[in-house]
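Residue strings, one per chain:
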Amino acid sequence: MTEPTGTSPRTPVVDAKETFRRVKRHFSPALAVAGRFTGQGAVEAAAEGSRVTLSDGREVLDFGSYAVALLGHRNPAIVEAVRAQLDVMPTSTRSVQSPVAPLAAERLTAYLGGSLGRVYFGCGGADVVEASVKLARMATGRTTVVAVRGAFHGKTLGALALTDNPRFKAGLEPLLQGVVHIDPDDPEAVAKVVREHDVAALVFEPVQAENGVRLLDPAVLARWCRDAHGHGALVVADEIQAGLRRCGAPSLALEYGLGVDGVLLGKPLGGGVLPVSAVVGNDALFAPLLADPMLHTATFSGHPLSTAVIPRALDLVEEWAENGDMLARAMEQGLADLREAHPEAVAATRGRGLLWGVDLRTPELAGGVLTGLAQRSVVVSPCLSRPATIRLLPPIVATETEVKEAMALLSDAVAEAALAAA
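Residues numbered from 1 in each chain as written. Predicted model: local features only at pLDDT ≥ 70, side-chain atom pairs only at ≥ 80, totals over all residues. Heavy atoms only, no water.

Asker: Just give me the short version of the environment of Leu54, but keep the residues and values in it.
Answerer: Among the secondary structure elements, Leu54 is positioned in strand β2 (residues 51-54). Under the relative-accessibility criterion, Leu54 is labelled buried at 7%. As for Leu54 and Arg312, which are separated by 258 residues in sequence, their C-alpha atoms are 28 Å apart. Residues within four places of Leu54 in sequence aside, it is in contact with Gly39, Ala42, Val43, Glu44, Ala45 and Val60. (Helix = DSSP H or I, 4+ residues; strand = E, 2+ residues; numbered from the N terminus. Buried < 20%, exposed > 50% of the residue type's maximum accessible area, 1.4 Å probe, protein only. Contact = heavy atoms within 4.5 Å.)

Asker: Quick one: what's the story with the packing of helix α15 (residues 363-375) against helix α16 (residues 400-421), residue by residue and with numbers?
Answerer: Relative orientation of the contacting elements α15 and α16 amounts to 130 degrees, with a least axis distance of 8 Å. Accordingly, the angle class assigned to the pair α15 and α16 is oblique. Taken as a pair, α15 and α16 cross one another with a handedness that is right-handed. Residues Leu365, Gly368, Val369, Gly372, Leu373 and Gln375 of α15 pack against Leu409, Leu410, Ala413, Val414, Glu416, Ala417, Ala418 and Ala421 of α16. (Axes fitted to C-alpha atoms, helices over the stretch in contact; angles between N-to-C directions. Parallel < 35°, antiparallel > 145°, perpendicular 65-115°, else oblique. Left-handed = near helix turned anticlockwise from the far one by under 90°.)

Asker: Go over the pattern of salt bridges, please, and point to the residues and values.
Answerer: Scanning the entire structure with this criterion turns up 21 salt bridges. When the shortest N-O distance is used, the salt bridge between Glu18 and Arg22 registers 3.6 Å. Here Arg22 and Glu18 lie together in helix α1 (residues 16-26), a separation of four residues that amounts to about one turn. Residue Arg22 is classed as partly exposed on the basis of its relative accessible area of 43%. Of the charged contacts in the structure, one is a salt bridge between Glu402 and Arg51, with a shortest N-O distance of 3.4 Å. Linking Glu402 in helix α16 with Arg51 in strand β2, this pair joins segments that are 351 residues apart in sequence. (Salt bridge = Lys/Arg side-chain N within 4 Å of Asp/Glu carboxyl O.)

Asker: Outline the environment of Gly334, listing residues and values.
Answerer: Relative to the elements of secondary structure, Gly334 occurs in helix α14 (residues 321-341). When the C-alpha positions of Gly334 and Ser411 are compared, they lie 9.4 Å apart, and in sequence the two are 77 residues distant.

Asker: Which residues make up the sheet that holds strand β16 (residues 381-382), and what values go with them?
Answerer: Strand pairs in the sheet, formed through backbone hydrogen bonds, run parallel or antiparallel to each other. Within the open sheet, the four strands sit side by side as β13-β14-β17-β16. Their pairing is antiparallel. Here the strands that pair on one side only, and so sit at the sheet edges, are β13 (346-352) and β16. Of the pairings in the sheet, the one linking β16 to strand β17 (residues 389-392) comprises two bridges and is antiparallel in character. Within the sheet, the bridge partner assigned to Ser381 lies in β17 and is Arg391. Here α14 sits on the sheet in contact with β13, β14 (355-360) and β17, set at roughly 5 degrees to β14. Strands β14, β16 and β17 of the sheet are contacted by α15, whose axis makes an angle of about 35 degrees with β17. (Pairing = 2+ DSSP bridges.)

Quick look at the structure:
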């Protein structure tokens, strides 16, 4: 394994007050307030491995980063891959073929087992959600898309139509028409929809991370996929947050044997350094692009600097897979201990691998825990769709000691919040 630590550059001097002033002036006053709260008045200055150094010199344990830093911050092997491509050709003419993206595609399809042989690269998660829906509608000649209640697929207008949160949609309707949301616990749900609609695609997350880390039942998913395929619809698994061994498997949909037509990947795909995402699919999903590759294009699709890191990132994920399994067991045990120690505050914990949700009894308690963790220099990810739930996303390169440290600090924060609420 390539160790995620090395010689760090000198932490740069960063003026937190000036940063907050600029955020307030050029982005949003509310964003400045939120950042000041999370950083306790400091801002990010440098990062390495599982730790972020703030402008006031404090080190923060990063079990958040919205699932991006699976390989830790500034993983030296990823940084080396970026530098090597930067020294050669960081961008592309888009007229002459580059060897970098095709190699990344070859490695990515092989990594997922070879049954899905086509790739489209995007820059972020919503990019590939949009691309997959567009391809499915063009491939089938149909318009209806089935999504799942509790889903989060992004905030662009098409992806937002699949996202099941009224808060994000207010003032934006009408969005993409023809989206039907189904009950995540109903095995008959897809069969009911296809009797009434001409369905182009079923899109689901095996783990609804934004919805409090809800794991969908593989048996229900299998039934949905059979019913969708029986109707001639295509099936796409959104694993932008849960894939690449975040939840133990390279792809949960493929591990479950669901026979999906496409898998969406992102977040850690760029090694925690560069933004890149992918639709990995079969010929049925990619039929429109096979007929006309100009039907869906983007200037930075397959960007050499971003795609150059993908082969190394996949190698590293596999090198650290055993460590990830060990950390997953430690997380599961630590959260079981947390439930036992604080039954008055912790309603439930859910998760798999390195993606866990902690349900507090009330949103107020969750807010108190987030405050306590910020004061204790631990970063986690809240759930915007479920304000009583916080997410824990440790890097696969973390140590068992760091997991135990995070669990102890979380327990302290829960105890403090519960006492304040009593």
